[in-house]
Amino acid sequence: MNTARMQWPEPVRTGEVVKVRVLVQHPMDTGYLQDLTGKVVPRNIIRLLTCHLGQQEVFRVEPSSGLSANPFFEFYVRTTVTAEFKLEWIDDKGQKGNHFQIFNVS
Amino acid sequence: MNAEGMLRRKRLQSLLLAGISWPCFMGQFAYAQRMNSGSLLSFDDMVQPIVQGAKIFKKDVQIEAPILADNGSLVPLQVTVQSAMTDLDHVTHVYLLSQRNPVTQMAVFHLGPRNGRAIVSTRVRLAGTQELVALARLSNGEFRYKQMEIIVTESACVDAS
């Protein structure tokens, strides 16, 4: 199940600062809204989203209900070696998700 | 004019007065409920739980966002902090704080020297027109912030029902 996407401009040169864009498919239910039958939808948001490049953590977010559904993040990263981008997240239901993508540096 | 006419005029007058003053009383009662998402927090209430008395300056931070957001459930927001992002001097955290949302702290970003630039962007939910605060914590323990008012025509806190 592909629920996340990562994107950056290719090719990446050594030592260059690159803008990375992350989009995660997640409803991010706030716990305040009701569905069509009038029942309150229980809160289900991403608690923690981390981004590792190789072994090093490069980005970490602790979202709240204040982030929109299908959260989108943009950040910058600088690296000199080719490594694997590892995106992991966990939500209120305890469901974990991850996404791996090779970060090629030429 | 006869006495009866005067009396009627008086009655009408008091009725009108009551009508005018009614919303004032109602307003007070509505306020007394203290709806969490309806009240606006002061700047200190928003910031002090995080800052806890450390030095804080209004500089080096920029917020890029629409001044008028049509839909509060999706407002793009970019925060730029001027920082060299070296091992000795970098931004460690970026906080997005909302004045009106039921949850004040919308997101915390953890950054480090490996990021190269202290720029993050995301999309937030806003429960109405309010002043946002982007707060950045530097590696030496100081804080930088920027405030921005965003006018929201449709709040994010509206049900589908």
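Everything here concerns the structure above.
Draft legend 1. Structural context of the overall build of chain B. The secondary structure content of chain B amounts to two helices and nine strands. The secondary structure elements of chain B, listed N-terminal to C-terminal, are α-α-β-β-β-β-β-β-β-β-β. Of all 161 residues assigned to chain B, the portion counted as buried reaches 34%. Expressed as a percentage of contacts within chain B between residues at least 6 apart in sequence, the contacts between residues at least 24 apart total 67%.

Draft legend 2. Representation of the interface of chain B and chain A. Contacts between chain B and chain A engage 27 residues on the former and 26 residues on the latter. Broken down by class, the residue content of the side of chain B that touches chain A amounts to 12 nonpolar, 10 polar and five charged. Here strand S4 (residues 56–63) of chain A pairs with strand S6 (residues 105–110) of chain B via four bridges, running antiparallel. Bridge pairing links A:Pro63 to B:Ala107 in S6(B).

Draft legend 3. Spotlight on the sheet that holds strand S5 (residues 72–78) of chain A. Here we have six strands laid out as an open sheet, ordered S1(A)-S2(A)-S5(A)-S7(B)-S4(B)-S2(B), and antiparallel in their pairing. Two strands lie at the open edges of the sheet, namely strand S1 (4–7) of chain A together with strand S2 (61–64) of chain B, each paired on one side alone. Adjacent strand axes in the sheet meet at a mean angle of 20°, parallel and antiparallel pairs treated alike. Sheet topology note: the S1(A)/strand S2 (residues 17–24) of chain A ladder contains four bridges and is antiparallel. Looking across to S2(A), one finds that A:Ala4 is bridged to A:Val24.

Rules used in this analysis
- Each chain carries its own residue numbering, running from 1 in the written order of its sequence.
- Each chain takes a letter, starting from A, and each ligand takes a number, starting from 1, following the order in which they are written.
- Where local features are concerned, this predicted model is filtered to residues with pLDDT of at least 70; where side-chain atom pairs are given and counted, the filter is 80 or more; whole-chain, interface and lining totals use all residues.
- Elements are defined by DSSP. Helices are runs of H or I of four residues or more, strands are runs of E of two residues or more, and each kind is numbered from the N terminus.
- Here the C-beta atoms are placed from the backbone, and a residue counts as buried if at least 20 other C-beta atoms lie within 10 Å of its own, exposed if 12 or fewer do, and partly exposed otherwise.
- Any pair of residues counts as being in contact when their C-beta atoms, constructed from backbone geometry, are within 7 Å of one another.
- The residue classification treats Ala, Val, Leu, Ile, Met, Phe, Trp, Tyr, Cys and Pro as nonpolar and Asp, Glu, Lys and Arg as charged. All others, Gly included, are polar.
- Pairs of strands are assigned from DSSP output, requiring at least two bridges between the strands.
- Interaxial angle, 0 to 180 degrees, is taken between N-to-C directions of lines fitted to C-alpha atoms, where a helix line uses only the stretch in contact.

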